[in-house]
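Architecture at a glance
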Amino acid sequence: MMPPTELLNHLRKSVGAAHVLTEGDLSAYEQDWRKREYGKCMAVVRPATTEEVAAVVKACAAASVSIVPQGGNTGMVVGSTPDRSGTQVVLSLTRMNRVRALDAANLTVTVDAGCILQSIQEACAQSGFLFPLSMASQGSCTLGGNLGTNAGGTQVVRYGNTRELCLGLEVVTAQGDIWHGLSGLRKDNTGYDLRHLLIGSEGTLGVITGAIMKLYPLPAAQLTAFAAVPSLEAAVQLLGMAHQHLSAGLTGFEVMGQFALSLVIKHFPQIRVPFQQLSSPYCVVLEASDQESEVHARAGFERLLEAAMEQGCVQDAVVAESITQAQALWHVRESIPLAQAQEGLNIKHDISIAVSRIPEFVRLTDAQLEQAFPGVRLVNYGHLGDGNLHYNVQAPAGSDAEAFLRNDEPGVNAIVYEMVDQFNGSISAEHGVGSLKREKLAQHKSPVALNMMRAIKHALDPQNIMNPGRVLTL
Ligand code: FAD
Ligand code: 2HG
Ligand code: ZN
């Protein structure tokens, strides 16, 4: 086995000494976004090319040193930061940030895995195409992280998760070999689909270095509405009506509970939150895209909202008159995670339930939590169009959040995840498993499925050097 100093020298030769960080403030790489864990790594290594990634992985494999792939480090489940041993290498992909090619006829874009999501969207828009993957972290998350977690976001109702947008990958395996899988084919039934194994594997099977992604024509118009609804049942009814009226034109449907909105008002008073005077229990952000014209889009949207008001599932609604207004409405929704972080440490549940059963789930689970943990504050919001709630729990007002998490997180999780099981839901809709939910996965996924997952991990990474301790207990 190679001693650490020899490995570090090898890594410096592979990527350049300036890109092997061992000293100074490495907290941006060592602490997770939610401040749930603070790790300590042997080094942060920042390769610039796929060949350099392969050289780093080969050297680490020879030294039996484990690797933590990292993009923007915005993940929610403690998956991209090192453990506390001081022996792991953080492999940061952020220097690999080139848009490699855009094929207008094939409707695809090929990018390095370290590209920031927003810069991909902007580069594609400049060429007249829509890259639809969108989320509040898009200014700092990378495509590699999006693929690693199979991220969802706010456009899934129309365009699917990251997986649905990916037509091929370039990957460095756990042995340091390069798999060139950037085919860009829409049809390819030649055996096991390795791309789909790697997507959502959270860095445990290999390092994604490049990807070829689907594009769409830019819509002629995009409209955003903000609606106050009298109940979660009404929000689900509105979603059904939106599907009926807008069909594939429905591109976003987000729900926000009153307490979640009150945190935005409290921590970002400069943000204008509509309909505060109505004290509606929930508000909804809807987005419609149209290939014809803004007039056409507006007419469809207005018909929908009028019908919804007649049926009583919307109390009041506003439709943005300009892009700036639309961005302001989205900004309300997208500020919730930041407002929640300002409020203090919290327990997150990123869950999936059949849309039709969400109101019943929330009613029953709210009641159980309020009984078991009096004063607990429920921050409930998320991607209702996809049946994905961020059913988060904040410590009672004025209490010590750290102590609440230490003492009560297991009890809170037990109630929520037991209910998720009863409703045939999933304990991770879009954020992944990381280390925060690894034990939960072992309890909530079938033993048969877990054994197949372990077999895949053993086959592709027999040394267990790729992000060990994430997703699976081996
Ligand atoms: P990281 O956090 O660096 O890594 C995430 C995981 O992917 C880790 O397991 C890591 O090892 C692995 N990984 C990273 N790069 C690679 C690679 N090149 N090859 C292999 N594995 C890799 N998520 C959603 O799904 N939907 C949302 O709407 C959403 N909104 C968010 C809003 C905010 C404000 C924040 C802070 C986060 C949000 N997230 C959301 C979570 C997070 O942004 C996403 O999971 C994102 O995809 C992570 O990208 P990243 O580059 O930051 O990855
Ligand atoms: C979102 O949809 C993100 O805003 C973050 O997935 C969710 O903070 C959360 O719980
Ligand atoms: Zn989300």
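This section reports on the structure supplied with the text. It should be emphasised that the depicted structure is a prediction, and the values quoted were computed from it without experimental measurement.

Think of an α-helix as turning once every 3.6 residues; residues three or four places apart then point the same way. Along its 17 residues, helix α11 (residues 294-310) runs 24 Å from first to last C-alpha, staying within 8% of the 24 Å computed at 1.5 Å per residue. Where α11 is concerned, the buried positions are A297, R298, G300, F301, L304, L305, A307 and A308. Taken together, the buried residues of α11 touch β12 (221-229), α9 (232-246), β14 (282-290) and β15 (316-319). In the stretch just after α11, G312 is the one whose phi turns positive, near 80°.

Close contacts around ligand 1 come from 35 residues, with P69, G71, T74, S137 and T142 the closest. Side-chain polar atom of N467 to an oxygen atom of ligand 1: 3.1 Å apart, as the coordinates give it. Burial of ligand 1 by the surrounding chains reaches 97%, relative to a free accessible area of 970 Å². Within the residue set of the shell around ligand 1, elements represented by two or more residues are β3 (67-70), α5 (143-149) and β10 (206-214). Broken down by element, the shell around ligand 1 gets its largest block of residues, four residues, from α5. Class assignment of the residues belonging to the shell around ligand 1 gives a composition of 12 nonpolar, 21 polar and two charged.

Attention now goes to a nonpolar patch on the surface. Nonpolar side chains collect at one region of the surface, where Y192, L194, L197 and L460 lie side by side and expose about 400 Å² of accessible area between them. Within the secondary structure, L197 sits in helix α8 (residues 194-198). You can call L197 partly exposed: its relative accessible area is 31%.

Another point: the nonpolar core. L238, F253, L286, F301, F361, L369 and Y391 are the most contacted members of the largest nonpolar core, which has 55 residues in total. Of all the secondary-structure elements, those providing two or more residues to this core are β12, α9, β13 (250-257), β14, α11, α14 (358-372), β19 (388-394) and α15 (401-422). It is α9 that contributes the most residues to this core, nine residues altogether. With near-sequence residues (within four places) excluded, L238 lies in contact with V229, F253, V284, L286, L304, A308, C313 and V314. Formed by 29 residues, the second largest nonpolar core is a distinct cluster that contains V109, A113, C124 and Y159.

Before going further, it helps to examine the coordination of the zinc ion (ligand 3). In this structure, H383 (NE2), H390 (NE2) and E430 (OE) serve as the protein donors to the zinc ion (ligand 3), at separations of 1.9 to 2.1 Å. Mapped onto the sequence, the donors of the zinc ion (ligand 3) take the spacing H-x6-H-x39-E. Comparing H383 with H390, the two get one shared label, buried.

Among the residues of helix α10 (residues 258-267), those classed as buried are A260, L261, L263 and V264. End-on view of α10: buried residues confined to an arc of 150°, all on one side of the axis. Check the buried side of α10 and you find it contacts β13, β14, α12 (323-334), α13 (336-343), β18 (377-383) and β19.

Here the structure, examined in full by the defined rule, presents one cavity of 30 Å³ or more. As a volume, the largest cavity reaches approximately 30 Å³. What lines the largest cavity is Q258, L261, I265, V273, P274, F275, Q276 and C283. Here the element with the most residues in the lining of the largest cavity is α10; it accounts for three residues. Tallied by class, residues from the lining of the largest cavity come to six nonpolar, two polar and no charged.

Taken together, M76, R333, P337, K348, Y381, H383, H390, N392, E430 and H431 make up all the residues around ligand 2. Within the side chain of K348, an N or O atom sits 2.8 Å from an oxygen atom of ligand 2. Within the contact set of ligand 2, an oxygen atom lies 3.0 Å away from a side-chain nitrogen or oxygen of E430. Relative to its unbound accessible area of 290 Å², ligand 2 is 90% covered by the protein chains. Sorting the residues of the shell around ligand 2 by element identifies β18 and β19 as the ones contributing at least two each. Residues that form the shell around ligand 2 fall into these classes: three nonpolar, four polar and three charged.

This part is about the sheet that holds strand β9 (residues 178-181). One open sheet accounts for five strands, arranged β5-β6-β10-β8-β9; its pairing is antiparallel. Looking along the sheet, the strands with just one partner apiece sit at the ends: β5 (99-103) and β9. This sheet shows a mean twist of 15° between the axes of neighbouring strands, independent of strand direction. Here strand β6 (residues 108-112) pairs with β10 via five bridges, running antiparallel. Pairing of D112 across the sheet is with G210, part of β10. Sheet contacts for helix α3 (residues 50-62): β5, β8 (166-173), β9 and β10; angle to β8, the most-contacted strand, approximately 45°.

Another point: the packing of aromatic side chains. Per the stated rule, a full pass over the model turns up five aromatic pairs. An angle of 70° between the planes, with centres 5.7 Å apart, marks the rings of F361 and Y391 as edge-to-face. Here F361, found in helix α14, pairs with Y391, found in strand β19; they are 30 residues apart in sequence, far enough to count as distant. For the pair shown, F361 and Y391 are each scored as buried. Ring centres 5.5 Å apart and planes at 90° place the aromatic pair F361 and F423 in the edge-to-face group. Taken together, the positions of F361 in helix α14 and F423 in the loop between α15 and α16 (438-444) put the pair 62 residues apart, joining distant regions of the chain. Each member of the pair, F361 as well as F423, is classed as buried. Feature note: the residues F361, Y391 and F423 constitute an aromatic cluster, connected by ring pairs.

About the thresholds
Residues numbered from 1 in each chain as written. Chains lettered and ligands numbered in written order. Predicted model: local features only at pLDDT ≥ 70, side-chain atom pairs only at ≥ 80, totals over all residues. Heavy atoms only, no water. Helix = DSSP H or I, 4+ residues; strand = E, 2+ residues; numbered from the N terminus. Expected span 1.5 Å × (residues − 1). Buried < 20%, exposed > 50% of the residue type's maximum accessible area, 1.4 Å probe, protein only. Contact = heavy atoms within 4.5 Å. Near = heavy atom within 4 Å. Polar contact = N/O pair within 3.5 Å; in protein donor to acceptor, adjacent residues only side chain to side chain. Areas by Shrake-Rupley, 256 points an atom, 1.4 Å probe, with all protein chains shown as cover. Nonpolar A, V, L, I, M, F, W, Y, C, P; charged D, E, K, R; others polar. Patch = residues over 30% accessible without salt bridge, like charges linked within 9 Å, V, L, I, M, F, W, Y side chains within 5 Å. Salt bridge = Lys/Arg side-chain N within 4 Å of Asp/Glu carboxyl O. Core = buried A, V, L, I, M, F, W, Y, C linked by side-chain atoms within 4.5 Å. Donors = N, O, S within 2.8 Å, 3.2 Å for Na, K, Ca; no water. Arc of directions from axis to C-beta. 1 Å grid on protein atoms, 1.4 Å probe; cavity = no way out; pocket = protein on both sides within 12 Å on 5 of 7 lines; lining within 4 Å. Points joined across faces, edges and corners; volume = space filled by probe spheres on them. Pairing = 2+ DSSP bridges. Axes fitted to C-alpha atoms, helices over the stretch in contact; angles between N-to-C directions. Phe/Tyr/Trp six-rings, centres within 6.5 Å; stacked < 30°, edge-to-face > 60°.

Scope: geometric values only; no functional claims are made or implied.
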